[in-house]
Each structure stands twice: as structure tokens, then as C-alpha cells.
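Descriptive structure summary
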Amino acid sequence: MTKIGITETILRDAQQSQIATRMPFSDFEKSLKDLDNVGYHSLECWGGATFDSCLRYLNEDPWERLRKIKEACPKTKLQMLFRGQNLLGYRPYSDDVIDKFVECSIKNGIDIVRVFDALNDPRNLKVAMEAVKKYGGHAQGSICFTQSPVHTLEKFVELGKTLREFGADSICIKDMAGIMGPKEAFDLVKALKDEVKLPVQVHTHCTTGLAPFTLLKSVEAGADVIDTALSSLSGGTSQYPTESIVYSLRQLGYEVSFDDKMAKRANDNFKKVQDTAIKSGLLDPYVMGTKTDALIYQVPGGMLSNLIAQLKAQNAMDKFDEALAEIPRVRADLGYPPLVTPTSQITGVQAVMNVLAGRYKMITNEVKAYVRGEYGQAPGEVSQELIKLVLKGEEPKKGRFADTLEPMFQKTKEELGKKAKSDEDVLSFIAFPQQAENFFKLRENPSSAPKEQGTTVKYSIRKA
Ligand code: CO
């Protein structure tokens with residue numbers, strides 16, 4: 001019997017996709033033992049937006065959260081999402097910071113590090129991947145899936161081979177927008193299995209409704225592991241429900257390590273999380289639905305909600321359709337980056353500006369940095385008009401941007417002095433200075449918390 005592994009995403013991607021990563025540790029603490037007993041291939045529980053959210057909204061130390069999860073889940077491999085050279089943030093960091101962050105992630109409990117780069121630029125993946133190997137972790141290299149005139153099966157396979165050279169233990173096909181169809185999935189998984197010869201894991205979202213077909217065809221093509229979410233936080237912009245795919249795979253004769261009773265008990269607790277999130281308005285019914293427009297515009301679910309927020313703030317919701325249609329045009333001008341953090345934000349914000357102020361009448365600093373090559377190599381050609389507007393005759397940078405960055409871990413550690421209690425604190429500060437600084441102050445003096453802290457944006461089922 002063919003064995004299929006399941007990566008449970010409820011503690012990271014599922015809650016990030018549906019409830020803006022606002023689940024505090026206390027709300028999932030009692031599910032951890034059950035989750036550990038399900039028999040998952042891995043538990044994705046850290047990285048992505050969880051780090052930022054812990055410091056910014058939940059007044060939690062992200063490192064302490066990781067250690068507590070590890071303690072409660074000794075049997076299951078813990079997995080994190082790492083944005084390559086962009087760390088867990090939105091811009092490139094120096095190599096020494098990447099190395100130290102990987103070291104501390106593994107030291108505090110992470111087993112599998114999924115590394116991706118928004119542009120699929122290998123130069124942004126190498127340092128992180130090699131660090132994972134150096135500190136004894138499982139290095140999973142990612143291919144961000146997208147469709148464009150410059151993205152081909154051959155190019156994806158070529159990237160797979162490069163990831164293998166960097167020491168990848170497995171390859172993830174990362175379909176963040178849920179736009180990968182079943183045939184594309186079948187062909188890509190098969191090609192990677194045949195030519196790269198490493199375990200393949202498939203990550204997709206239910207956004208467009210393609211997910212169950214895509215997952216099933218991936219498995220038929222030889223995928224070893226798939227990403228799913230317990231049903232309470234599944235569907236819509238999140239992952240496909242774990243229970244349903246396990247049921248289907250078993251019926252089709254696959255072997256899946258999965259304790260139904262434990263999963264049911266864990267899911268029953270997450271039902272309360274879902275209930276509270278619906279009642280508080282945190283779980284917007286909008287993210288639960290199916291968005292077939294993404295098949296036309298290639299706009300991931302998270303990007304749609306950002307777009308709406310941005311337009312509402314400008315009192316310009318009447319420009320929604322226009323802004324949505326502008327996104328693929330800006331993406332083409334930028335040389336077809338896959339739309340994922342941070343390129344999704346870079347593209348989305350500029351698209352809204354183009355619609356409100358006129359095309360490239362105002363150019364964001366992020367687009368300028370992108371055109372200068374600071375985020376890496378664009379997959380295709382950046383529009384000449386945009387290059388002229390931004391560079392004004394200067395040559396775009398050819399080298400690797402991170403090579404121009406000064407090492408900053410040691411320097412920051414010295415600057416912080418006693419404010420930082422550990423290397424982990426220094427890393428929190430480097431990643432999110434303002435949020436970390438606030439968090440350190442609150443930790444020293446909890447009574448200094450502003451009155452509204454924790455009631456406006458923070459969500460908790462205890463308050464229900
Ligand atoms: Co995802």
C-alpha cells in the first residue's frame with residue numbers, strides 16, 4: 001500500500017488564512033497532546049505570519065510558543081515556513097541573521113524548515129537551506145507555483161534540481177493562491193519525482209475550489225506528503241479538510257497514519273475557536289467562500305482582503321474591479337513575480353495606486369527597490385518604461401543584494417545590551433524592531449499595558 005503523509009496546518013497556515021493569525025497559544029494549548037497523537041507526518045506550527053502576530057497582537061514571545069509546542073508534542077515533527085532571505089519579514093536580511101535565525105529555530109524545536117523565495121531566485125534560498133543542513137534540520141526547498149508566459153514545467157524542474165544541490169531533503173510545490181489545476185499538479189509532481197528524485201510535498205489552498213482534485217492527482221502522480229487543515233479552520237482561503245482527504249485516500253486504498261479519534265477531539269476544540277471567531281467578526285464569511293476570480297486574476301485570497309482594506313481606507317471601494325484588473329498588469333510589468341509575501345503586497349499596493357492616481361504617477365519605495373533588483377531576479381523582463389521611471393538611467397543591480405548588506409546580528413546584540421535577554425530576543429528585534437521593543441517593555445512591566453491592549457484586535461475564546 002502506498003503511504004501518504006499529512007502535514008497539519010491548523011496552527012499556522014489555516015489560522016493565518018482564515019483568522020489573520022490571531023489564535024493565542026492558550027486557545028490551542030489543550031489540543032496539542034491530541035495533535036501529537038494523531039500520527040501526522042508533521043505539524044506546521046511556526047513561521048510565516050505567526051512570529052509577527054505573536055509580538056504585534058498577542059503579546060506572546062514566539063520563541064516561547066515554539067518551545068511549549070515542542071514540549072507538548074514530542075512525537076511529531078514540527079515544521080515552519082521560512083521566507084528565504086526575507087526571513088519572516090518583508091525585506092531581505094544579511095546572511096549572518098539568516099544563519100542565526102535558522103540555528104535558533106532548530107534549537108528551540110523546529111524539525112522541518114520549508115524555505116521559499118517569492119521570486120524563486122535560488123540566490124535567496126541557498127544560505128537558509130545550507131544553514132538548515134548545518135544545524136541538523138530537514139531542509140525542504142520550495143517551488144512557488146504560478147502561471148505566466150515565463151513559467152514552464154522545465155523551469156520548475158530546473159529549480160528543483162538547484163534545490164537538491166543546496167542539500168534539500170524534500171521539495172515542496174507551494175501553490176499559495178490555489179490556482180494549480182489537477183493536470184498541472186500531476187505533471188509537475190511526476191516530473192519532480194522522475195528528475196529530481198526527492199520526496200515531494202504539495203501545498204495548496206481551497207481558494208478557487210480546485211484543491212481536492214489537485215491533491216488527488218498529486219497523490220496519483222507520486223506525491224509523498226500533502227498539506228491539509230482540520231475541518232474547523234479548513235476550506236475557503238485555507239487548506240482542504242484533513243478528515244475528508246484521509247477518508248477519501250483510505251477508500252482509494254492508500255495508507256495514511258491518522259488516528260481519527262484524536263483528530264476528532266482536537267477538531268472539537270478548534271470548533272470553539274471557529275465559533276468565537278465568527279461571532280467576533282474576525283472570521284469573515286468572505287474567506288470561507290470559493291473565489292473563481294482568482295483563476296482569472298491569479299490573486300491569492302489574502303491579497304484580496306488586503307486590497308479591500310486598502311480601498312476602504314481610501315474610501316474607494318467603487319474602484320475594486322478596476323484595481324483587481326490592474327493587478328495582473330502590474331505583475332506583467334514586474335516580470336511576472338509569483339504573488340506571495342512580499343511580492344503580493346508590492347504588486348497589490350502599486351496596483352491600487354495606479355488606479356487611484358494614474359499609472360505609475362506614484363511609485364512605492366518597494367516597487368523601486370524591486371526594480372533595482374533588491375528582492376532578487378525577476379522571473380521575466382521588467383517593463384522598460386518602469387525601469388526608466390525608477391532608475392532614471394542608472395543600471396539595475398546585477399549581483400546578489402544580500403551581499404551588499406552588513407552583518408548585523410552581533411552589532412544589534414551589542415546595541416540592545418540588557419534589553420535582550422537572549423539571542424532569540426535579538427532576532428525578534430531584528431525581524432520586527434518596533435513590536436519586539438514593545439513586547440520587551442511589557443514583559444518587564446506587564447502593568448504598563450495600554451488599557452485597550454488585547455481587546456480591540458486580539459481575539460480569544462475565553463472572552464466569548
Ligand atoms: Co499557504
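Since the structure is predicted, the reported quantities are computational estimates derived from the model, not experimental observations.

Reading guide: rules and limits
- Numbers given to residues run from 1 along each chain, matching the order in which its sequence is written.
- In keeping with the predicted nature of the model, local features appear solely for residues at pLDDT of at least 70, side-chain atom pairs appear and are counted solely at 80 or more, and the whole-chain, interface and lining totals rest on all residues.
- For side-chain calculations, the full set of non-hydrogen atoms in the structure is used, while hydrogens and water are omitted.
- Here an angle of 0 to 180 degrees is reported between the N-to-C directions of two axes, which are lines fitted to C-alpha atoms, with helices fitted over the stretch in contact.
- Where helices and strands are cited, they refer to DSSP runs of H or I of at least four residues and of E of at least two residues respectively, numbered from the N terminus.
- In what follows, roughly perpendicular refers to angles from 65 to 115 degrees, roughly parallel to angles under 35, roughly antiparallel to angles over 145, and oblique to any angle outside these ranges.
- Whether a crossing is left-handed or right-handed is set by the direction in which the near helix is turned from the far one by less than a right angle, anticlockwise for left-handed and clockwise for right-handed.
- Contact criterion: two residues are considered in contact whenever any of their non-hydrogen atoms come within 4.5 Å of each other.
- We call Asp, Glu, Lys and Arg charged. Ala, Val, Leu, Ile, Met, Phe, Trp, Tyr, Cys and Pro are nonpolar, and the rest, Gly among them, are polar.
- The donor set comprises N, O and S atoms within 2.8 Å of the metal, extended to 3.2 Å for Na, K and Ca; water molecules are omitted, so apparent gaps in a site may simply reflect that omission.
- Partly exposed residues are those whose accessible area sits between 20% and 50% of the maximum for their type, while under 20% is buried and over 50% is exposed, using a 1.4 Å probe and protein chains only.
- Expected helix span is given by 1.5 Å per residue-to-residue step, counting one fewer step than there are residues.
- This arc is taken over the directions from the axis of the helix to the C-beta atoms.
- A cavity, in this analysis, means grid points on a 1 Å lattice covering only the protein atoms where a 1.4 Å probe fits yet has no way out; a pocket is instead an open set bounded by protein on both sides within 12 Å along at least five of seven lines, and a residue lines either one if it has an atom within 4 Å of a point.
- Grid points are joined across faces, edges and corners, and a volume is the space filled by probe spheres set on the points.
- Only Phe, Tyr and Trp rings take part, Trp by its six-membered ring, and two of them pair if their centres are within 6.5 Å. Stacked means planes under 30 degrees apart, edge-to-face means over 60, and tilted covers everything else.

Here we take up the packing of helix 9 (residues 182-195) against helix 10 (residues 211-220). One can describe the packing of helix 9 onto helix 10 by two numbers: an axis separation of 8 Å at closest approach and a directional angle of 25°. One way to sum up the angle between helix 9 and helix 10 is to call them roughly parallel. Our pair here, helix 9 against helix 10, has a crossing hand that is right-handed. Listed contacts from helix 10 to Pro 182, Ala 185, Phe 186 and Val 189 of helix 9 are Phe 213, Thr 214, Lys 217, Ser 218 and Glu 220. For the contact of helix 9 with helix 10, the per-class residue count stands at five nonpolar, two polar and two charged.

Ligation of the cobalt ion by protein atoms is provided by Asp 13 (OD), His 203 (NE2) and His 205 (NE2), these donors lying 2.1 Å from the ion. Counting residues between consecutive donors of the cobalt ion along the chain gives the motif D-x189-H-x1-H. Placement of the pair is Asp 13 in helix 1 (residues 10-19) and His 205 in the loop between strand 7 (200-203) and helix 10, with a sequence separation of 192 residues. For Asp 13, a relative accessible area of 5% corresponds to the buried category.

Right, let's talk about helix 22 (residues 433-444) for a bit. Look at helix 22: 17 Å from first C-alpha to last across twelve residues, which is about the 16 Å you get at 1.5 Å a residue. Turning to helix 22, its buried residues number three or more, namely Gln 435, Ala 436, Phe 439, Phe 440 and Leu 442. Along the axis of helix 22, the buried positions cluster into a sector of 165°, meaning they face one direction only. Facing away from the buried surface of helix 22 by more than 90 degrees, the exposed residues are Gln 434, Lys 441 and Glu 444. Those residues of helix 22 that are buried are in contact with helix 4 (50-58) and helix 21 (423-431).

On to empty space enclosed by the protein, then. In this approach the atoms are scanned with a rolling probe the size of a water molecule, which exposes any empty space left behind. Counted by the stated rule, this structure contains two cavities of 30 Å³ or more. As a volume, the largest cavity reaches approximately 40 Å³. Lining the largest cavity are Phe 145, Thr 146, Met 176, Ala 177, Ile 179, Gln 298, Pro 300, Arg 331 and Leu 339. Residue composition of the lining of the largest cavity, grouped by class: six nonpolar, two polar and one charged. Around the second largest cavity, the lining residues are Asp 293, Ala 294, Tyr 297, Val 299, Leu 304 and Leu 324. At three residues, the largest contribution of residues to the lining of the second largest cavity is made by helix 14 (residues 293-297). Residue composition of the lining of the second largest cavity, by class: five nonpolar, no polar and one charged.

Further remarks concern the packing of aromatic side chains. The tally for this structure, following the rule as stated, stands at 13 aromatic pairs. Note on Phe 51 and Trp 63: the rings are 5.6 Å apart at their centroids and 85° apart in plane angle, and the pair reads as edge-to-face. Of this pair, Phe 51 sits in helix 4 while Trp 63 sits in helix 5 (residues 62-72); the two residues are twelve residues apart in sequence, bridging distant segments of the chain. Residue classification places Phe 51 among the buried residues on the basis of a relative accessible area of 0%. Classification of Trp 63 as buried rests on a relative accessible area of 0%.

Treat this as a map of the structure, not an account of what it does.
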